[in-house]
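Results of the structural survey
One-letter residues, chain by chain:
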Amino acid sequence: MRPLPVVSLNGSRGAADGPAVPMSSEDLARSAAEAVAAGAGEVLVHPRTPCGRESLSPRVVGPVLRALRDAGVGVPLSVPVSVATEPDPAGRVARVRSWTVLPDRAVVRWTEPGAAELVRALLLRGIAVDAALPAAEADGPAPWGRELPGEVRPVLELTGRGVTAGEPTWGGARGPGPAGTRQAARGAGWGGAREAAPGSGRGGAREAAPGSGWAGAREAAQAGVREAVPEAVVLRIGDGDGGPPRWLREPPAAGWVLFGRDAAAWPAARLAVRWGAVVRTGVGDVLRLPDGRPARSNAELVSAAREIERTESRGGPTAASR
């Protein structure tokens, strides 16, 4: 049985992005509950201050998480921990150590400075980790340099915005180009991360999806993805044979996530199903449904993702899921 989709409730969106974006803690809680009722298995939320600024302060993170739990949201909750919320690597670690209400998971961008230290700090607090990496950087050997601890799940972002053939973007990340990014990521190392988190069990860390294979993924890429993401990028992600990166052919214990934003969101969802990855959706990633209509809610996006899972699992997309 496939793991249920992750819903990104708000991301970097604001009120100017439309009424589907939940802004207050109450709106986030209601939106999360509706998304879970529609089939979401995890919730990613960006905690914000009343003025709309993202924050890792325990006075901001705690109330948001409590609001979601009080609304009956019983699935794993995740928050991002990145340069966008705290530029200083040591400051991010200090914020994590100061939290009084803990999420189930946290998203760490592996290409950002201090990522390995941040992962260790999260694992020591019992928080599972989503290690985010631009999908165009996922070719070749595993970028982590060694086997992942059981509570760390790779998250790959497929991007299409501003991409031309042979010139992939790097998941929107600022900083060095592909060579420098790859070298920085592989050189970071895990140190004591495995010792900090023995085993693979924790709420929210799901079993790897059954190996349904990736036959036909090349055709899906050529037919449904190239409009948003150049074929060269898609084939590079899959090492050119229509399947996922070779280091993900036997997924980590926690599985892995493949997602895209805006124009790349629904092509990425279809590839995720074919490659056995967890699907991610929500207004934090995309504001339109597969048919181009504006989404009215996170729940509507989750329902669309679940329909893609059903149709792709049966052998290919229908007109309604494209």
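Refer to the preceding data block for the structure.
As a starting point, this report considers the structure included with it. (Residues numbered from 1 in each chain as written. Predicted model: local features only at pLDDT ≥ 70, side-chain atom pairs only at ≥ 80, totals over all residues. Heavy atoms only, no water.)

A word on the packing of aromatic side chains. Per the stated rule, a full pass over the model turns up 1 aromatic pair. Ring geometry for Trp 256 against Trp 275: centres 6.5 Å apart, planes inclined by 25°, an arrangement best described as stacked. Separated by 19 residues along the polypeptide, Trp 256 in the loop between α8 (231-237) and β7 (257-260) and Trp 275 in the loop between α9 (265-274) and β8 (278-281) bring together distant segments of the chain. According to the relative accessible area criterion, Trp 256 is buried, its value standing at 1%. (Phe/Tyr/Trp six-rings, centres within 6.5 Å; stacked < 30°, edge-to-face > 60°. Helix = DSSP H or I, 4+ residues; strand = E, 2+ residues; numbered from the N terminus. Buried < 20%, exposed > 50% of the residue type's maximum accessible area, 1.4 Å probe, protein only.)

Moving on to the side chain of Arg 13. With respect to the helices and strands, Arg 13 occurs in the loop between β1 (6-8) and α1 (25-38). Of note is the side chain of Arg 13, whose polar atom sits 2.7 Å from the backbone oxygen of Val 283. If we skip the residues at most four places from it in the chain, Arg 13 touches Val 21, Arg 48, Asp 262, Val 283, Gly 284, Asp 285, Val 286 and Leu 287. (Polar contact = N/O pair within 3.5 Å; in protein donor to acceptor, adjacent residues only side chain to side chain. Contact = heavy atoms within 4.5 Å.)

Residues Leu 9, Val 43, Val 45, Leu 68, Trp 99 and Leu 122 are the most contacted members of the largest nonpolar core, which totals 40 residues. Elements with a contribution of two residues or more to this core: α1, α2 (58-70), β3 (77-81), α3 (89-98), β4 (105-109), α4 (115-124) and β5 (128-134). The element that contributes the greatest number of residues to this core is α4, accounting for 7 residues. Sequence-distant contacts of Trp 99, that is, excluding residues within four places in its chain, are made with Leu 56, Pro 58, Val 61, Val 79, Val 81, Leu 122, Arg 125 and Ile 127. Ranked by size, the runner-up nonpolar core spans 25 residues in total, among them Leu 258, Ala 265, Trp 266 and Ala 277. (Core = buried A, V, L, I, M, F, W, Y, C linked by side-chain atoms within 4.5 Å.)

This part covers unusual backbone geometry. Positive phi values are uncommon outside glycine, yet Asp 262 reaches one of about 50°. With respect to the helices, strands and loops of the structure, Asp 262 is situated in the loop between β7 and α9.

Turning to the pairing of strand β6 (residues 152-158), a few remarks are in order. Among the 7 residues of β6, 7 are classified as buried, and the element is accordingly described as predominantly covered. In terms of strand pairing, β5 meets β6 through 6 bridges, oriented parallel. Each residue of the ladder has a partner; that of Pro 134, found in β6, is Glu 157. (Pairing = 2+ DSSP bridges.)

Looking now at α4. Of all 10 residues that make up α4, 7 are buried, and the element is covered over most of its length. All buried positions along α4 are accounted for by Ala 115, Ala 116, Leu 118, Val 119, Ala 121, Leu 122 and Leu 123. Where α4 terminates, the next one or two residues include Gly 126, which has phi positive at roughly 80°.

A separate point is α9. Within α9, 10 of the 10 residues are buried, which leaves it mostly tucked inside the rest of the structure. Burial in α9 covers these residues: Ala 265, Trp 266, Pro 267, Ala 268, Ala 269, Arg 270, Leu 271, Ala 272, Val 273 and Arg 274. Downstream of α9 by one or two residues, Gly 276 has phi in the positive range, about 75°.

Here we take up the environment of Pro 76. Mapped onto the elements, Pro 76 comes out in the loop between α2 and β3. Pro 76 sits 32 residues away from Leu 44 along the chain, and the two C-alpha atoms are 8.6 Å apart.

Another aspect to go through is the sheet that holds β3. Strand order around the closed barrel formed by 8 strands is β1-β2-β3-β4-β5-β6-β7-β8, with parallel pairing between neighbours. Across the sheet, the axes of successive neighbouring strands diverge by a mean angle of 25°, strand direction being ignored. Along the sheet, α9 contacts β6, β7 and β8; its crossing angle with β7, the most-contacted strand, is approximately 160°. (Axes fitted to C-alpha atoms, helices over the stretch in contact; angles between N-to-C directions.)

We now examine the environment of Ala 40. Within the secondary structure layout, Ala 40 lies in the loop between α1 and β2 (42-44). With 261 residues separating them in the primary sequence, Ala 40 and Leu 301 have C-alpha atoms 9.8 Å apart. When near neighbours in sequence (up to four residues on either side) are disregarded, Ala 40 contacts Leu 4, Pro 5, Val 7, Ala 35, Val 75 and Val 302.

Attention now moves to the pairing of β8. Of the two faces of β8, both are covered, the one formed by Val 278 and Arg 280 as well as the one formed by Val 279 and Thr 281. Across 2 bridges, β1 lies against β8 in parallel orientation. Note that in β8 the partner of Val 6 across the bridge is Arg 280. Here 2 bridges tie β7 to β8, and the two strands are oriented parallel to one another. What sits directly across from Leu 258, in β8, is Val 279.

With that settled, consider the pattern of salt bridges. Scanning all chains against the criterion turns up 18 salt bridges. Between Glu 112 and Arg 109 there is a salt bridge whose closest N-O contact spans 3.7 Å. Owing to a relative accessible area of 13%, Glu 112 belongs among the buried residues under this scheme. Notably, a salt bridge pairs Arg 310 with Glu 307, separated by 3.2 Å at the nearest N-O pair. Highlighted residues: Arg 310 and Glu 307, both in helix α10 (residues 298-313), separated by 3 residues, approximately one helical turn. For Arg 310, a relative accessible area of 41% gives the class partly exposed. Salt bridges sharing common partners tie together Glu 42, Arg 105, Asp 130 and Arg 153. (Salt bridge = Lys/Arg side-chain N within 4 Å of Asp/Glu carboxyl O.)

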